[in-house]
Amino acid sequence: MNRIYMDNGASSRVDDEVVKEMLPYFSEKYGNASSLHSFGSEAREAMENARGKVAALIGAKPEEIIFTSGGTESDNLAIKGTAAAKCGKGDHIITTNIEHPAVLEPCRYLGKIGYKIAYVKVGNDGIVRAEDIEAAITDKTVVVSVMHANNEIGTIQPIAEIGKIAEKRGIAFHCDAVQSAGKIPVDVNKLGVSLLSISGHKVHGPKGVGALYVRKGTAIEPILHGGGHEAGLRSSTENIPGIVGMGKACEIAKRDLERNAAHVLKLRDRLIDAALKLEEAYLNGSRETRLPYNANFRFLGIEGESLLMMLDGMGIAASTGSACSSKKLQASHVLLALGLPEWQTHGSLRLTLSKYNTMEEVDFVLGELPEAVSKLRSMSPVWRKLKMGGRIEDVHGKHIH
Ligand SMILES: Cc1ncc(COP(=O)(O)O)c(C=O)c1O
């Protein structure tokens, strides 16, 4: 069976060019970048070369790039590191209610140890308003963290506008650009950010490597203490093969950005136009202000997880916002943030594209989708009630429709 991968928001295929570039750093050029011998300088050179490529993708200077183990660590370093640097001077952090757990969880942790966290709400288009961020600022705010593109619904946030506000107020501004870097233009100066997270595996690079952009002069403390690697901000022997791979992936992403974005936009629009013709099918999040790589639907009356399994059986890999934890189907915090009733959030399907997807694949998915949805609806009590104009109960028996 030919498998179709439309879950690139979760992780992406490593580009062949990237693999080729990485391979010698496992078996021939395996030195420690801190070593003084030729093996060490070989590794160091490769790392600095990669740093330049990562910096170029986001309009930064190479010395402003700190390599990490991925987007999660970059987000943790940005938030905990700026909070620690301002210890005693402020205890207030601003973020949004649609961030990735890699931002929400460090905030929750800081909340447990005494910080106050403001979770600014997005509109039902999945976009936060810059003025709402501004209104949340206090004289105790140490960092504002707002993602560039949302990982579930692909909506793009007004980062440049928020950047201007943060700069005016002299507050560190962190942006999680894990889903946007390499897919749409990301320029740290145009966006006005002080910190920006990216990850290798979302842009056809390897897993387990990422970077944090730290604007010169930003007050930040490390969260990993040790030998003082990465300008003292991230101790631990550098992952040279990973870093080399990430550098190459960023170089390719920059080179092909426009062409790839135009390609996936055509695929995405075909997916959206056709899927929305199905009965009771909706797009989650703004269509206009959204990554060309992302389509996220909700089909009322079905469970996303069942649809996922059915599509997987047909060789189609996708994802959903709902996750089954113990006995209860856990609603996505992002879809709830759009103001949807919980029962509607359960029927979501996320299709995230890459340069490797083709129009033939899109047509195959569109050929299978209607039958999968109608099969699940034929077994769904929620759908039956919806069609009869009845009340829909949630799992707790509460009236919600
Ligand atoms: C928006 C966003 N931030 C952070 C992360 C975490 O990145 P990593 O998997 O590299 O730790 C992800 C991964 O899904 C993401 O989508």
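About the cut-offs
- Residues numbered from 1 in each chain as written.
- Predicted model: local features only at pLDDT ≥ 70, side-chain atom pairs only at ≥ 80, totals over all residues.
- Helix = DSSP H or I, 4+ residues; strand = E, 2+ residues; numbered from the N terminus.
- Expected span 1.5 Å × (residues − 1).
- Buried ≥ 20, exposed ≤ 12 C-beta atoms within 10 Å, placed from the backbone.
- Contact = placed C-beta atoms within 7 Å.
- Near = placed C-beta within 6 Å.
- Pairing = 2+ DSSP bridges.
- Axes fitted to C-alpha atoms, helices over the stretch in contact; angles between N-to-C directions.
- pLDDT = per-residue confidence, 0-100.
- Left-handed = near helix turned anticlockwise from the far one by under 90°.
- Nonpolar A, V, L, I, M, F, W, Y, C, P; charged D, E, K, R; others polar.
- Domains from an automatic or database assignment.

## Quick word on helix α5 (residues 101-112)
With 12 residues, α5 should reach 16 Å at 1.5 Å per residue; the first-to-last C-alpha distance of 16 Å fits that figure. For α5, the set of buried residues is Ala102, Val103, Leu104, Pro106, Cys107 and Leu110. Buried residues in α5 make contact with α4 (71-85), β3 (92-96), β4 (116-120), β5 (141-145) and β6 (172-176). Once α5 finishes, glycine 114 follows within two positions and takes phi at roughly 115 degrees, a positive value.

## What about the site of the ligand?
Surveying the vicinity of the ligand reveals 14 residues, the closest of which are Gly70, Gly71, Thr72, Asn151 and Ser199. Broken down by element, the residue count for the shell around the ligand peaks at 3 residues, all from α4.

## Focus on the sheet that holds strand β14 (residues 348-352)
Spatial ordering of the open sheet is given by β9-β10-β14, a layout of 3 strands whose pairing is antiparallel. Every interior strand has two partners, whereas the edge strands, β9 (281-283) and β14, have only one. Strand-to-strand twist of the sheet, defined as the mean angle between neighbouring strand axes without regard to direction, takes the value 25 degrees. Pairing between β9 and strand β10 (residues 294-299): 3 bridges, direction antiparallel.

## What to know about unusual backbone geometry
A positive phi angle, near 65 degrees, is found at histidine 204, a position not held by glycine. Within the secondary structure, histidine 204 sits in the loop between β7 (195-199) and β8 (210-214). Even without being glycine, glutamate 230 reaches a positive phi, approximately 50 degrees. The residue glutamate 230 is located in the loop between β8 and α9 (240-275) in this model.

## Considering the confidence of the model for the protein chain
Averaged over every residue, the pLDDT of the protein chain is 95; the share at 70 or more is 95%. Segment residues 394-401: pLDDT under 50, and 16 contacts once partners within four positions in sequence are set aside and those in other chains are kept.

## Digging into the packing of α4 against α5
Packing of α4 against α5 leaves a shortest axis separation of 8 Å and a crossing angle of 35 degrees. Considering the relative orientation of α4 and α5, their crossing is right-handed. Contacts between α4 and α5 involve Gly71, Thr72, Asp75, Asn76, Ile79, Lys80 and Ala83 from the first element and Ala102, Val103, Pro106, Cys107 and Leu110 from the second. Of the residues assigned to the contact of α4 with α5, the class counts are 7 nonpolar, 3 polar and 2 charged.

## Notes on the domain arrangement of the protein chain
Partitioning the protein chain into domains gives domain 1 (16-254) and domain 2 (257-387). Distance from the C-alpha centre of domain 1 to the C-alpha centre of domain 2: 29 Å. Between domain 1 and domain 2, the residue contacts involve 22 residues of the former and 19 residues of the latter. Taken together, the residues that form the side of domain 1 that touches domain 2 break down as 8 nonpolar, 9 polar and 5 charged.

## A look at the packing of helix α3 (residues 38-57) against α9
Two elements in contact, α3 and α9, have axes whose closest approach is 8 Å; the angle formed by their N-to-C orientations is 35 degrees. At the point where α3 passes α9, the crossing takes the left-handed sense. Of α9, the residues touching α3 (which contributes Ala43, Ala46, Met47, Asn49, Ala50, Lys53, Val54, Ala56 and Leu57) are Ile240, Ile243, Val244, Met246, Gly247, Cys250, Glu251, Ala253 and Lys254. Looking at side-chain class alone, the contact of α3 with α9 contains 13 nonpolar, 2 polar and 3 charged residues.

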